[in-house]
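What the coordinates show
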Amino acid sequence: MLLRNVFAGVLAMLFSVAVQAEEAPRDPYVHFFNQSLGDFSEELQVAREEGKKAVMLFFEQDECPFCHYMKNTVLNQPEVQDYFRKNFALFAIDIEGDVEMTDFEGQTMKMKDFAFKLNRVRATPVIAFYDMEGKRVVRHIGKTSGKDEFMLLGRFVAEETYKEMRFTKYKREQRKK
């Protein structure tokens, strides 16, 4: 009897450790964002071939506390990473970056010009989703309240609910359920 209780205790401990390890935060630059060569017209084609629902751009800057919040509490969560990687091509854009890139229409420019001139990003973070034609369909300014709201935002885009209503109405309706 004692041996069975010890064995059950060891199994429970191992299961608990496995569950904790599975839920441990992971680096968003490794497990959330895709690597990019800086050509979004090409990234869009790859996203189409992979059956993605949209391309998500995360406009950020180093000094932004809200960007750090998103990366350290939301984008580092395995559940978020798995869902978003499955449904979207995901890229970070440094709004102060001097790196040359190509936009969805094939125009070459610096990241900061893409952010400021084409996307009117003035404060960060800005989370923008583009459909498979390269047209921006959803723009969320600022951080989300947490993982749950960010997951709602992902479902809102993946299920194309943005064609029927605004995100604020979608959130209200989801809270009622």
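This text goes with the structure placed above it.
So, here is what we can say about the structure in this document. Everything numeric in this text was worked out from a predicted model, so none of it was measured. (Residues numbered from 1 in each chain as written. Predicted model: local features only at pLDDT ≥ 70, side-chain atom pairs only at ≥ 80, totals over all residues. Heavy atoms only, no water.)

1. Examining the overall build of the chain
A count of helices and strands for the chain gives 8 helices and 6 strands. Seen in sequence order, the chain has helices and strands lined up from the N terminus as α-α-α-β-α-α-β-β-β-α-β-β-α-α. When burial is assessed residue by residue, the chain has 44% of its 177 residues classed as buried. A fraction of 64% describes how many contacts in the chain between residues 6 or more apart in sequence connect residues 24 or more apart. (Helix = DSSP H or I, 4+ residues; strand = E, 2+ residues; numbered from the N terminus. Buried < 20%, exposed > 50% of the residue type's maximum accessible area, 1.4 Å probe, protein only. Contact = heavy atoms within 4.5 Å.)

2. So, helix α8 (residues 167-176)
When we look at burial in α8, the residues that qualify are Phe167, Tyr170 and Lys171. Down the axis of α8, the smallest arc covering the buried residues is 100°, so these residues share one side. (Arc of directions from axis to C-beta.)

3. So, the side chain of Thr144
By secondary structure assignment, the location of Thr144 is in the loop between β6 (136-141) and α7 (147-158). The buried category is assigned to Thr144, whose relative accessible area is 0%. For Thr144, the side chain forms a polar contact with the main-chain oxygen of Gly146, separated by 3.0 Å. The residues touching Thr144, leaving out its near neighbours within four places in the chain, are Tyr69, Met70, Val74, Glu149 and Phe150. (Polar contact = N/O pair within 3.5 Å; in protein donor to acceptor, adjacent residues only side chain to side chain.)

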